[in-house]
Amino acid sequence: MAEEPRLGLSLSGGGFRATLYHLGVVRFLADSGMLPQVKRIAAVSGGSVLAAHLVLNWGRYNGGPETFDAAAKEILDFVQKDVRGRIIRRWLLASITILPMLLKRRWRLSEILIREYHKLYRGATLADLNRENENSPQVFFNCTSLTTCETCSFGRSGFMWYPSDSDTEEAVVAPGIPVALAVAASSAFPPLFPPVRIDMDTLSCDRARFPNPYFLTDGGVFDNLGVDRFIWYRRKIVDLDHILISDAGGAVDWDVDNHFGLPLGRNIRASDLLMQRVSAMTYESLKAAGAPVVGIPLNHPVLRPHDKFLLEPEVQRRLQSIRTDLDKFSLPAINALVRHGFSIASDKLVAAGLTPPNTLTPWTPLPRKNLPVATVSEIKAESKRKWRAFSATDPISWVTVFFVLFVATGVIGTPIYRQAIAEQALHKAQKQNEESKTFQNKLNDVALEYFKQRQRPLRPGLSISIENVATAGSICCFVRQHNEKSILLLTADYLSQESNGQRSFFIQPGLFDNGDPATDAIGRVFPESAISISLIKLNADIDATNQITGIGMIKGVVAPPALGESVQIVGRTSGIKRATVTALNVDIPIGESKLRGGVQLSSESGKPTQGGDGGAAVLTADGHLFAIHYAGSGDNSIVVPLKPIFDKLGLVLLDH
């Protein structure tokens, strides 16, 4: 009885397109009885995805059609899971929320890829690949080290690296490494996934054994066929009779409609060209070395006109242009790739004499009732890459949407909300201002008469004058000096001067407003005074208050308000009137001289004060006294700040 040939099986890269194509090849090997003859498997990228599952479930894949189908269903479910989209959506959420990216490496693209593989392989480690009771083959997951620019691999014993032109090998025995990490390193397609880092902690060794970290990327960068490991072994020992190369590489055809403006598309195109060229050079090297290779390439047409189980020639050609990512594959594409792998494996292995002609029916993993395996349009649709940044069935997508809306509401909505509130407040203020003006006008109608009449007790704004000059001015306020009990009336200094320069007593109302010196006398000029003001000591029988009708009690004496602030004037002629501070530190006309330090007031309705308002109290909007009206200048009024005068003379406001 002839000894069975010992086979090596190389599973090339090519994303899920390669995974599905290789699954069809493996199914033919199983149905033809050749799968148990496979003693060594080397895989790259999408090939590694299947290779790990194949070896971990070696007994099931070799147990017959039913157990094969059950094992293969796990792979088929995985390629329909939208792995790339799930990874992008989780990375996107972690990126926009920032915090997860800063706290944990597990939110990086390659780390999320490892977690997806971890679910498929159920947490298996490299040690689980060595199933002696199932006689499972040796397996290698080929990677490319960006650190050393050399090829390296994971196997069931650990991690290995070696120069491609050398027969020496370096290795760290680390069977506890997760299979998911090894497959992720082998399939970390550079345009999308960052490299997978391994270091002395990953390998559980000391620094002397593995001093520097390696950053590993897709093995297809160095060898997209996955045969480099076989070539290295063959230089050391000839222990395989044939090397089967399941090559899922397609044709890189013209693309005249793409301007390659986006970095991702541009890098993918460049990577495809690079890997195709590397594969072509690898085939040339194999031929030159005389290696016993049987190629099973995806681009090989299987033409048997009367074979109803073959794909249409147009569909076969279209399969070469299917995308090579980890995106979700449709049912027609899955069936077509698997069946085509089965058919090409049959065609090539029969031609090589490794298996006799057969009547095996190509396997259709996901049958479609009364429908063809695939149409040209269905396969053509699978050549287009999709971003898949959103999926209605993925909860993470909705979390991302709500987070973006929340942030947008804060960034865009808050200013809009604040503007709306400000406009509402402005509208309210304008309304209140109009109401205030209406009230002010009504109040003035009363005040104009009230301030000119005889009133007791005395109040700010009332008409006063000296006894013998037909004039009238205004009461500013009432004060006490130091600890004196006498009440002093404060007004403008020019009201206390007679035409002959002699001082006399004051009456309220003023003589101009029909005041009677015989009955309306209120007090005489107090000896102490200051520039711009006079103090009148009230008679003992005269009562006074700083309560202003319509405003309330004067709250205190303060410095002048800022430019643009609204103020109130309480005078005999103008009544209670609003004005605005329009200048500070202006000249105060005193006789023929001028004194700096005055405050200029203006009003929208013209000059804020009139004749007879001399000595009027000027208050802030909240009722604090800050100045006394002294003079007019054009359309403006000049007022004198009182706080320095109060401080100099030791004056305090009457508190009632």
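Everything here concerns the structure above.
Keep in mind that this is a model prediction, so the values were computed, not measured.

Colleague: I'm lost on the overall build of the protein in this one. Help?
Modeller: Along its length, the protein carries 17 helices and 26 strands. Counting all 656 residues of the protein, 49% fall into the buried class. Taking the contacts inside the protein whose residues are at least 6 apart along the sequence as the reference set, 70% of them involve residues at least 24 apart. For the protein, the accessible surface area stands at approximately 30,700 Å², while carbon and sulfur atoms represent 55% of it.

Colleague: What am I meant to see in the packing of aromatic side chains here?
Modeller: Aromatic ring pairs: the centre-centre distance and the angle between the two ring planes describe each pair. Tallying each qualifying case throughout the model produces 16 aromatic pairs. Between Phe78 and Tyr117 the ring centres are 6.0 Å apart and the planes differ by 35 degrees, which places this aromatic pair in the tilted class. Taken as a pair, Phe78 in helix 4 (residues 65-79) and Tyr117 in helix 7 (residues 109-120) lie far apart in primary sequence, 39 residues in all. Its relative accessible area of 0% is what places Tyr117 among the buried residues.

Colleague: Could you clarify how one ought to interpret the environment of Asp520 in this entry?
Modeller: Here Asp520 lies in the loop between strand 15 (505-507) and strand 16 (521-525). When its relative accessible area of 6% is taken as the criterion, Asp520 is described as buried. As a C-alpha pair, Asp520 and Ile464 span 56 residues in sequence and 9.8 Å in three-dimensional space.

Colleague: Looking at this model, I keep getting lost on the side chain of Ser187. Mind explaining?
Modeller: You can see Ser187 is positioned in helix 8 (residues 179-187). Side-chain polar atoms of Ser187 contact the backbone oxygen of Val183, separated by 2.8 Å. In this structure, Ser187 is in contact with Ser45, Leu113, Tyr117, Phe193 and Asp218, ignoring residues within four places of it in sequence.

Colleague: I'm lost on the sheet that holds strand 20 (residues 566-571) in this one. Help?
Modeller: Where strands meet in a sheet, backbone hydrogen bonds hold them as pairs that are either parallel or antiparallel. An order of 20-21-22-25-24-23 is seen for the 6 strands of this closed barrel, with the pairing classed as antiparallel. Going from strand to strand, the sheet's axes swing by 50 degrees on average, the running direction of each strand aside. In this structure, strand 24 (residues 625-633) lies alongside strand 25 (residues 636-641), joined through 6 bridges in antiparallel fashion. Bridge assignment links His629 to a residue of strand 25, and that residue is Val639.

Colleague: Could you clarify how one ought to interpret helix 14 (residues 331-351) in this entry?
Modeller: Here helix 14 is 21 residues long and its end C-alpha atoms lie 30 Å apart, about the 30 Å a rise of 1.5 Å per residue gives. For helix 14, the buried fraction is high: 16 of the 21 residues fall into the buried class. The positive-phi residue at the C-terminal boundary of helix 14 is Gly353, with phi of around 80 degrees.

Colleague: Whenever I open this one, the pattern of salt bridges confuses me. Can you help?
Modeller: In the structure shown here, the tally under the stated rule is 18 salt bridges. Between Lys81 and Glu116 there is a salt bridge, with its nearest N and O atoms 3.2 Å apart. Placement of Lys81 in the loop between helix 4 and helix 5 (83-97) and of Glu116 in helix 7 is noted, with a sequence separation of 35 residues between them. Of the residues examined, Lys81 reaches a relative accessible area of 28% and is grouped as partly exposed. Across the pair Arg229 and Glu169 runs a salt bridge whose closest N-O atoms are separated by 2.3 Å. In this pair, Arg229 sits in helix 11 (residues 228-236) while Glu169 sits in the loop between strand 5 (158-161) and strand 6 (170-173), placing the two residues 60 residues apart along the sequence. On the accessibility criterion, Arg229 (1% relative accessible area) is buried. Among the ionic contacts, a cluster of salt bridges with common partners joins Arg27, Asp31 and Asp69.

Colleague: I'm lost on the side chain of Ser136 in this one. Help?
Modeller: Position of Ser136 among the secondary structure elements: in the loop between helix 7 and strand 3 (138-145). By relative accessible area, Ser136 is classed as buried at 9%. Of the polar contacts made by the side chain of Ser136, one reaches the backbone oxygen of Leu129; its length is 3.2 Å.

Colleague: Would you explain the sheet that holds strand 17 (residues 533-538) in this entry?
Modeller: Spatially, 8 strands are ordered 12-11-15-16-17-14-13-26 in an open sheet, and the strand pairing comes out antiparallel. Strand pairing shows two members of the sheet lacking a second neighbour, strand 12 (473-474) and strand 26 (651-653), which therefore form its edges. The pairing of strand 13 (residues 477-481) with strand 26 spans 3 bridges and is classified as antiparallel. Directly across from Gln481, in strand 26, lies its bridge partner Leu651.

Colleague: Even after reading the chapter, I still don't get the pairing of strand 3, so can you show me in this structure?
Modeller: Every regular strand shows the same layout, with side chains that alternate between the two sheet faces. Burial analysis of strand 3 places 8 of its 8 residues in the buried class, which makes it a mostly covered element. Residues Gln138, Phe140, Asn142 and Thr144 point to one face of strand 3 and Val139, Phe141, Cys143 and Ser145 to the other, with burial holding for every one of them. Pairing of strand 2 (residues 38-43) with strand 3 involves 4 bridges; the strand directions are parallel. What sits directly across from Arg40, in strand 3, is Gln138. Where strand 3 and strand 4 (residues 150-155) come together, 6 bridges link them in antiparallel fashion. Bridging from a neighbouring strand, Asn142 pairs with Ser153 of strand 4. Two successive antiparallel strands, strand 3 and strand 4, enclose a turn made up of 4 residues, where Cys149 displays a positive phi of approximately 60 degrees.

Colleague: Looking at this structure, how should I read a positive patch on the surface?
Modeller: On the surface, a cluster of positive charge is contributed by Arg318, Lys380, Lys384 and Lys386. Here Arg318 shows up in helix 13 (residues 313-319). Classification of Arg318 as partly exposed rests on a relative accessible area of 31%.

Procedures and definitions
Residues numbered from 1 in each chain as written. Predicted model: local features only at pLDDT ≥ 70, side-chain atom pairs only at ≥ 80, totals over all residues. Heavy atoms only, no water. Helix = DSSP H or I, 4+ residues; strand = E, 2+ residues; numbered from the N terminus. Buried < 20%, exposed > 50% of the residue type's maximum accessible area, 1.4 Å probe, protein only. Contact = heavy atoms within 4.5 Å. Areas by Shrake-Rupley, 256 points an atom, 1.4 Å probe, with all protein chains shown as cover. Phe/Tyr/Trp six-rings, centres within 6.5 Å; stacked < 30°, edge-to-face > 60°. Polar contact = N/O pair within 3.5 Å; in protein donor to acceptor, adjacent residues only side chain to side chain. Pairing = 2+ DSSP bridges. Axes fitted to C-alpha atoms, helices over the stretch in contact; angles between N-to-C directions. Expected span 1.5 Å × (residues − 1). Salt bridge = Lys/Arg side-chain N within 4 Å of Asp/Glu carboxyl O. Patch = residues over 30% accessible without salt bridge, like charges linked within 9 Å, V, L, I, M, F, W, Y side chains within 5 Å. Lys, Arg positive; Asp, Glu negative; His and termini not counted. Charge placed at Lys NZ, Arg CZ, Asp CG, Glu CD.

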